[in-house]
Amino acid sequence: MDSRVSELFGGCCRPGGGPAMGGTLKARGAGGSSGCGGPKGKKKNGRNRGSKANNPPYLPPEAEDGNIEYKLKLVNPSQYRFEHLVTQMKWRLQEGRGEAVYQIGVEDNGLLVGLAEEEMRASLKTLHRMAEKVGADITVLREREVDYDSDMPRKITEVLVRKVPDNQQFLDLRVAVLGNVDSGKSTLLGVLTQGELDNGRGRARLNLFRHLHEIQSGRTSSISFEILGFNSKGEVVNYSDSRTAEEICESSSKMITFIDLAGHHKYLHTTIFGLTSYCPDCALLLVSANTGIAGTTREHLGLALALKVPFFIVVSKVDLCAKTTVERTVRQLERVLKQPGCHKVPMLVTSEDDAVTAAQQFAQSPNVTPIFTLSSVSGESLDLLKVFLNILPPLTNSKEQEELMQQLTEFQVDEIYTVPEVGTVVGGTLSSGICREGDQLVVGPTDDGCFLELRVCSIQRNRSACRVLRAGQAATLALGDFDRALLRKGMVMVSPEMNPTICSVFEAEIVLLFHATTFRRGFQVTVHVGNVRQTAVVEKIHAKVRGTQSCLPFFREKSRILPPEGREAQSQTWQSSLIPCREQKSLT
């Protein structure tokens, strides 16, 4: 298990409110036999600590990169020291793309020393002044007492610093929602985004459906987007106190964009398209407490693992089941997550302290999988999920973001609309570069392999106007009077400097996970590469590794823009997910 996968405070705090995680990620006592790494029998000033624990509790040492900062105390700093602290906070906020976490009472090596009440109050006052200087707000996440060579109570405090957004550059996280049909995905999103509990018959999900047959059947068949905001103080911003999405964006410092995917097996291709095209930061796997792992749950779990999308699990409908049934479902999930194919560390969240720990460990280690148990009808444990989403930091660091922004512009076209008095509008994700109003781009490839020139008239993010679009952000672009008939899903809008070319034959390395028949020459598949969903035929299997199921076949497809590296070549090796046309259960 990763060295960071440990309880942030659970192993160093006094009893009272610790997480109950039987069989999952557990806390380790500061004075137990499995101490956190401090030297035994440590003395200070030649005196032993008496009967107190000799193993001082530790956190991982402070990292230079990232948005987590350790401070022992911030009591009456000089003006020079204060300016240095402000500069340091700006760096941490930049690393966290507008968010930073301060641990007060912790040394740089991770030792939890703690502060007295008066010192802690003065440190928080200084931290508040620092946040005001950079235009941010602070929120105390939790306080805990520690035992460290003192008879007086000493506390450590964890504080979230969140910058007030400027120029609409709020932190935006995309969460794909997976799960079996009738597990309550749309209902949960309706409760989170509308601010009203469900009536037990699916009333909360009605605002999410896009088609009449979805309302009539109660089953999602398309991809829809819903937003949930958090302001600089960590308070929820949704449609309960805002009439429009624009108001939510204006009031929020952090935005969670939920991608509601279909759960029925016949819409599996739509679900795969949503996972590959919209590039979610993480996934929410919803499991019904009364049915457990059933239907397409295992397939959705396999998709998240194959595409390397971090995920957490929500067990819904706990109001319909006895406590023993919920526990049985959780145990079933834990067994599946610990299997060799998953290698995950389940972490059951039962308190607000657990939710804070889960959010931090989920971002630091890809192996940790938080598990929530809640109800969309009674609202049980719903606040724990909101705390988790509020604190969940960005899973990509600022360096990766800057590298993507320095590349040439490439926008993936996922949706096409015609808006009255606006014209043709395309929706999708900017995979690299920066896009501004008035930019001249080329779109393609067309049926004859050409790329057409166009101009970006206006940009909207989360249904509100935006002038600059940065890499990794999803938006809609207005193209004016550009002919919609020339566009189709799967196209890309790129900078003319990229000089894009196309290819019809490519080489791919595949791993056959499951298939009912034989994968052979002439086999017809559907290739999912990013936002492209293209039928292809296996031309040749020219290599095979003995003792494994890995092979290197040639595929021929209609047309496709080459990846950024080596666009001049006409044959490339791509990592792709292949779905055989005749067997939807197969993932190759």
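Residues numbered from 1 in each chain as written. Predicted model: local features only at pLDDT ≥ 70, side-chain atom pairs only at ≥ 80, totals over all residues. Heavy atoms only, no water.

Per an unreviewed UniProt entry, the protein chain goes by the name Tr-type G domain-containing protein and belongs to Marmota monax. The protein chain has a UniProt comment under Sequence similarities (unreviewed entry) that states "Belongs to the TRAFAC class translation factor GTPase superfamily. Classic translation factor GTPase family. EF-Tu/EF-1A subfamily." (UniProt positions renumbered as here; feature names shortened; annotations may be inferred.)

Caption draft 1: Fine view of the environment of serine 224. Structurally, serine 224 can be placed in strand E6 (residues 224–230). Each C-alpha atom, one on serine 224 and one on serine 186, is 9.6 Å from the other, the two residues being 38 residues apart in sequence. (Helix = DSSP H or I, 4+ residues; strand = E, 2+ residues; numbered from the N terminus.)

Caption draft 2: Just the packing of aromatic side chains, in detail. Applying the stated criterion across every chain, the model contains eight aromatic pairs. Members of the aromatic cluster, joined through ring pairs, are Phe312, Phe362, Phe372 and Phe388. Above the plane of the ring of phenylalanine 273 lies arginine 533, whose end atom (NZ or CZ) is 5.0 Å from the centre. (Phe/Tyr/Trp six-rings, centres within 6.5 Å; stacked < 30°, edge-to-face > 60°. Lys NZ or Arg CZ within 6 Å of the ring centre and 35° of its normal.)

Caption draft 3: Structural context of the pattern of salt bridges. Under the counting rule described, the total for this entry stands at 14 salt bridges. A salt bridge links lysine 73 to glutamate 119; the nearest nitrogen and oxygen atoms lie 3.8 Å apart. One end of the pair, lysine 73, is in the loop between strand E1 (68–71) and helix H1 (79–95); the other, glutamate 119, is in helix H2 (residues 117–134), with 46 residues separating them in the sequence. Two residues, arginine 142 and glutamate 158, come together in a salt bridge whose shortest N-O distance is 2.7 Å. Residue arginine 142 is found in strand E3 (residues 136–146), and its partner glutamate 158 is found in strand E4 (residues 154–163); the two are separated by 16 residues along the sequence. For arginine 142, a relative accessible area of 5% puts it in the buried group. By sharing partners, the salt bridges in this structure join Glu62, Glu69, Lys71 and Arg92 into a single network. (Salt bridge = Lys/Arg side-chain N within 4 Å of Asp/Glu carboxyl O. Buried < 20%, exposed > 50% of the residue type's maximum accessible area, 1.4 Å probe, protein only.)

Caption draft 4: Structural view of unusual backbone geometry. Cis geometry is found at the peptide bond from glycine 444 to proline 445, where omega equals 0°. Mapped onto the secondary structure, proline 445 falls in the loop between strand E16 (440–444) and strand E17 (452–455). The phi torsion at lysine 308 lies on the positive side, around 60°, for a residue other than glycine. We classify lysine 308 as exposed; its relative accessible area is 75%. Positive phi values are uncommon outside glycine, yet asparagine 499 reaches one of about 50°. Secondary-structure assignment places asparagine 499 in the loop between strand E22 (492–494) and strand E23 (502–508).

Caption draft 5: Layout of a negative patch on the surface. A cluster of acidic side chains, namely Asp241, Glu246, Glu247 and Glu250, defines a negative patch on the protein surface. In this structure, glutamate 250 sits in helix H5 (residues 245–251). (Patch = residues over 30% accessible without salt bridge, like charges linked within 9 Å, V, L, I, M, F, W, Y side chains within 5 Å. Areas by Shrake-Rupley, 256 points an atom, 1.4 Å probe, with all protein chains shown as cover. Lys, Arg positive; Asp, Glu negative; His and termini not counted. Charge placed at Lys NZ, Arg CZ, Asp CG, Glu CD.)

Caption draft 6: Highlighting the sheet that holds strand E2 (residues 99–104). Taken in spatial order, the four strands make up an open sheet running E1-E2-E4-E3, and their pairing is mixed. Edge positions in the sheet fall to E1 and E3, since each of these pairs with one other strand and no more. In this sheet, adjacent strand axes meet at a mean angle of 20° when their direction is disregarded. H1 rests against E1, E2, E3 and E4 of the sheet, and its axis sits at about 130° to E2. (Pairing = 2+ DSSP bridges. Axes fitted to C-alpha atoms, helices over the stretch in contact; angles between N-to-C directions. Contact = heavy atoms within 4.5 Å.)

Caption draft 7: Spatial organisation of the side chain of lysine 386. Looking at where lysine 386 falls in the secondary structure, it is placed in helix H10 (residues 382–391). Despite its burial, lysine 386 remains without a salt bridge, the nearest opposite charge being carried by aspartate 383 at 4.3 Å. Discounting chain neighbours no more than four positions away, the residues touching lysine 386 are Leu192, Phe230 and Val236.

Caption draft 8: Spatial organisation of H1. In a regular helix each residue adds 1.5 Å, so 17 residues correspond to 24 Å; H1 covers 25 Å between its end C-alpha atoms and thus fits that length. The set of residues buried in H1 consists of Phe82, Leu85, Val86, Met89, Arg92, Leu93 and Glu95. Considering only its buried residues, H1 is in contact with E1, E2, H2, E3, E4 and helix H11 (398–405). Positive phi shows up at arginine 97, right after H1, with a value of about 55°. (Expected span 1.5 Å × (residues − 1).)

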